[in-house]
Amino acid sequence: MTQAIRISLNAQRDQFTLEADLTLPARGITVIFGPSGCGKTTLLRCVAGLQPATGELDVNGDCWQSDHQVLAVHERPLAYVFQEASLFPHLSVQKNLLYGFVRIAPEHRQIQPDQAIQWLGLEHLLNRKPDQLSGGERQRVAIARALLTSPRLLLMDEPLSALDQASKRDILPYLQRLHDELAIPVIYVTHSLDELARLADYLVLMDAGRVLAQGPLQEVMPRLDLPLSRDEDASVIVTAVIREHDTRWHLSRSEFDSGSLWVRTPPATPPGSTIRLRILARDVSIALAHHPDQSIQNLLPATISELSGNDHSGMAMVRLQLNETPLLARLTNRAVDLLGLEVGQSVWVQIKAVAIVE
Amino acid sequence: MNEHWQAIWLTLKLAGTTTALLLLLATPLAWWLARSRHWLSQPVAAIVSMPLVLPPTVLGFYLLLLLGPDGPVGALTQTLGLGTLPFTFGGLVVASVIYSLPFAVQPLQNAFAAVPSRMLEVAATLRASPRDRFLSIALPLARPGFLTAAVLSFAHTVGEFGVVLMIGGNIPGETKVLSVAIYDHVETLEYANAHWLSAGLVGFSFAVLLSLYLINGRVNGSAVRP
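Residues numbered from 1 in each chain as written. Chains lettered and ligands numbered in written order. Predicted model: local features only at pLDDT ≥ 70, side-chain atom pairs only at ≥ 80, totals over all residues.

With that out of the way, let us pick up the overall build of chain B. Each helix and strand counted, chain B has eleven helices and zero strands in total. The N-to-C order of helical and strand elements in chain B reads α-α-α-α-α-α-α-α-α-α-α. Across its three principal directions, the C-alpha atoms of chain B cover 65 × 45 × 30 Å. Relative to its 226 residues, chain B shows a buried fraction of 39%. Within chain B, counting contacts between residues at least 6 apart in sequence, those at least 24 apart form 72% of the total. (Helix = DSSP H or I, 4+ residues; strand = E, 2+ residues; numbered from the N terminus. Buried ≥ 20, exposed ≤ 12 C-beta atoms within 10 Å, placed from the backbone. Contact = placed C-beta atoms within 7 Å.)

Structure (structure tokens):
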């Protein structure tokens, strides 16, 4: 059997019927994205078995649910990080961490307490009680506690949404490290485009209990037929490799499959390291000719592959193709008309800002 | 004086036995009442609470009929060679358990209902079976409820009178508990003796309830109140 997470689950809720038919990659982070109340948390709870559903569920060759058998929650080798950390208030941090660890067979313990404690920076918190921790610390303990069950699948339900900005910034690097260092597949529910951009490898878009689209992040984000591209913060993700640093201007040249982009030198990234760049559609503009005499440094040739105007907002979304990499540009309808833009046309894209998200 | 100590000892023995049995009985019942959405849970909750509103004499009367030689339970105990329960210490224990049941069930039910479902869900995702979740999460989180249930059951049993009189009578060393002894003293105009025991009970009740409030107040600011 091929390695994949196959989810085919239906559940009846008051407001909607959940119908999910998904095949997710066996590793990496799958983000389930959608507006509040679209059924993404329900889907996660059904996968965990916390809520009844009909259908089938198969995780990398292990059947968790079928017509013949349904594993109870505690029989599924998964871990779940809830929106609120939900630490056991009567146990110390250390005992919270070990709660799941001591309940799995020793031969299945692939992650050791020392490792998890070090990964999430919890050394100084072990003897405290949960009510003596900050929100961010609590969530870090909850993540470590979940990892210590050496899960075959990690489910995360908006783990950052209950935290303030500072705590979010504090935890995101830990999540990105888990992404890089662990082979555990993660299903991550969020309605934050920022978290989506930083973490996702694979993307599932949901609305009203149904799956609108699913696929690798780089394919789904630039699709003009999906609500994601109509968002104020519509963007694409580009994976690039740092090639050289320009110490005089604190800039670095990063190379991706369709050319080079100059970015502000990120800390601790020697040449050769891979970075993830987010390019917002509103930071991309289009010129018909090459104009190097201007402030924007990132100029690249591209072809218009799709155009979609919105009469209501007066804004148009242009999808561009740079060799292999798609880009989105958000322009006014007037600009599209003045420049006479049409599909198939060769243009120059000017990228005003590039955010390094990892 | 010897008779007093006998009554005190008997009362403490009755209250202790009743409390121990009640905690064993009320824990699963309270858990079921707090967690189940079964249609029977409301009627059962009402039955458990009936001793709160019924006069103890009504309870004692029916228990007497039920446990007596002609009652169904009495017939059973006789067949088993146990004799009949009324006017024995055993009969008092049975009556006290029923009479004090709401005082054990209600604090426990409130405490269990206050255990967040989320905690039990988290424990389930951390591989704890239902029994494990009950023992490792629900019981410790409901601890203030256990203290309240134990103290209230004990104190309420010490203070019971009507049921004891109906089902236990007034046999020294067997069923003559404090409340009955005080009643006896008053009937026979031995006010000094009545004072001795009554004042003792007043002091005892105050001390018990005060310590309960103090401990629950310290364990948890919003602890279950008796």
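There is more to say, and it comes next.
What follows concerns the environment of S92(A). Residues and elements named next belong to chain A. When you line up the elements, S92 lands in the loop between β6 (78-81) and α2 (93-101). Between the alpha carbons of S92 and Q139 there is a distance of 14 Å; along the sequence they are 47 residues apart. Residues in contact with S92, not counting those within four places in the same chain, are N127, R128 and K129.

A separate point is the UniProt feature "transmembrane region" (unreviewed entry) in chain B. Residue and element names in this part refer to chain B. Mapped onto this numbering, the UniProt entry annotates "transmembrane region" (unreviewed entry) at residues 6-32, 44-65, 85-105, 134-155 and 194-215. Helix makes up 81% of residues 85-105 and strand makes up 0%, while its end C-alpha atoms are separated by 24 Å. The annotated region residues 194-215 carries 100% helix and 0% strand content, and the separation between its end C-alpha atoms amounts to 32 Å. (UniProt positions renumbered as here; feature names shortened; annotations may be inferred.)

Judged by nonpolar contacts, the single largest core of 160 residues is most densely connected at A144(A), L155(A) and L108(B). A total of 13 residues in this core trace back to one element, the largest contributor, which is helix α5 (residues 89-113) of chain B. Three or more residues apiece are contributed to this core by two domains, here domain 1 (4-223) and domain 2 (235-356) of chain A. Those residues within four positions of A144(A) in sequence are excluded, and the remaining contacts are L97(A), A116(A), I117(A), L120(A) and L122(A). (Core = buried A, V, L, I, M, F, W, Y, C linked by C-beta atoms within 7 Å. Domains from an automatic or database assignment.)

Okay, unusual backbone geometry next. All names here are of chain A. Phi angles above zero are rare outside glycine, and S150 is one such case at about 45 degrees. Overall, the presence of 18 C-beta atoms within 10 Å leaves S150 in the partly exposed class. The phi angle at N323 is positive, at roughly 45 degrees, despite the residue not being glycine. On the neighbour-count criterion, N323 (13 C-beta atoms within 10 Å) is partly exposed.

Here we take up the interface of chain A and chain B. Across the boundary between the two partners, chain A contributes 16 residues, which contact 13 residues of chain B. The element best represented in the side of chain A that touches chain B is β6(A), accounting for three residues. Of the residues belonging to the side of chain A that touches chain B, the class tally is ten nonpolar, five polar and one charged. (Nonpolar A, V, L, I, M, F, W, Y, C, P; charged D, E, K, R; others polar.)

We now examine the UniProt feature "domain: ABC transmembrane type-1" (unreviewed entry) in chain B. The sites that UniProt annotates as "domain: ABC transmembrane type-1" (unreviewed entry) are residues 8-214 of chain B. Between the C-alpha atoms that bound residues 8-214 of chain B the distance is 26 Å, and the span itself is 79% helix and 0% strand.

Another point: the sheet that holds strand β14 (residues 274-280) of chain A. Residues and elements named next belong to chain A. With respect to topology, five strands assemble into an open sheet ordered β13-β12-β11-β14-β20, the strand pairing being antiparallel. Looking at the sheet topology across the chains shown, the edges are occupied by β13 (259-264) and β20 (355-356). Alignment of strand β11 (residues 235-246) against β14, held across seven bridges, turns out to be antiparallel. Bridging across to β14, S235 finds its partner in L280. (Pairing = 2+ DSSP bridges.)

Turning our eyes to something else, we now look at the confidence of the model for chain A. Counting all residues, the mean pLDDT for chain A is 90, and 99% of those residues have values of 70 or more. Per-element averaging of pLDDT across chain A places helix α5 (residues 165-181) of chain A at the bottom with 83 and α2(A) at the top with 96. (pLDDT = per-residue confidence, 0-100.)

Before going further, it helps to spend a moment on the sheet that holds strand β17 (residues 315-322) of chain A. All names here are of chain A. If you walk across this open sheet you meet the five strands as β15-β19-β16-β17-β18, and the pairing is antiparallel. Each edge of the open sheet carries a strand with a single partner, namely β15 (284-287) and β18 (325-332). Direction aside, the axes of adjacent strands within the sheet are offset by 45 degrees on average. Sheet analysis places strand β16 (residues 298-310) next to β17, joined by seven bridges and oriented antiparallel. Bridged to N310 within β17 is M315. (Axes fitted to C-alpha atoms, helices over the stretch in contact; angles between N-to-C directions.)

We now examine the domain arrangement of chain A. All names here are of chain A. You can read the domains of chain A as domain 1 (4-223) and domain 2 (235-356). Placing the centre of domain 1 and that of domain 2 at their C-alpha centroids yields a distance of 33 Å. Contact residues are listed per partner, giving five residues for domain 1 and seven residues for domain 2.

In this section: helix α4 (residues 135-147) of chain A. All names here are of chain A. The first and last C-alpha atoms of α4 sit 19 Å apart over 13 residues, in line with the 18 Å expected at 1.5 Å per residue. For α4, a buried count of eleven out of 13 residues is recorded, marking the element as mostly surrounded by other parts of the structure. Buried residues along α4 sit in contact with β6, α2, α3 (113-119), β7 (153-157) and α5. (Expected span 1.5 Å × (residues − 1).)

The subject of this paragraph is the packing of helix α2 (residues 41-53) of chain B against α5(B). All names here are of chain B. Here α2 crosses α5 at 110 degrees, and the two axes come no closer than 7 Å. With respect to α5, the element α2 is oriented roughly perpendicular. As α2 runs across α5, the sense of the crossing is left-handed. From α2, V48, S49, P51 and L52 reach across to α5, where they touch I98, Y99, L101, P102 and V105. Classifying every residue of the contact of α2 with α5 gives eight nonpolar, one polar and no charged. (Parallel < 35°, antiparallel > 145°, perpendicular 65-115°, else oblique. Left-handed = near helix turned anticlockwise from the far one by under 90°.)

Next up on the list: the pairing of β7(A). Residue and element names in this part refer to chain A. Buried residues dominate β7, accounting for five of its five residues. Where burial is concerned, the two faces of β7 agree: the one with L153, L155 and D157 and the one with L154 and M156 are both buried. Inspection of the sheet shows β6 paired to β7 by four bridges, in the parallel sense. Across the sheet, the residue bridging to A79 is L154, located in β7. Where β7 meets strand β8 (residues 186-190), four bridges bridge the pair, whose relative direction is parallel.

Once that is clear, we can look at the confidence of the model for chain B. Caution applies to low-pLDDT parts of the model: their predicted coordinates are not meant to be read in detail. All names here are of chain B. Per-residue confidence for chain B averages 88 on the pLDDT scale, and 96% of its residues sit at or above 70. Of the regions scoring below 50 in pLDDT, residues 221-226 engages in 14 contacts with residues more than four places distant in sequence or in other chains. If you check the scores for this complex, the pTM reads 0.85 and the ipTM reads 0.85.

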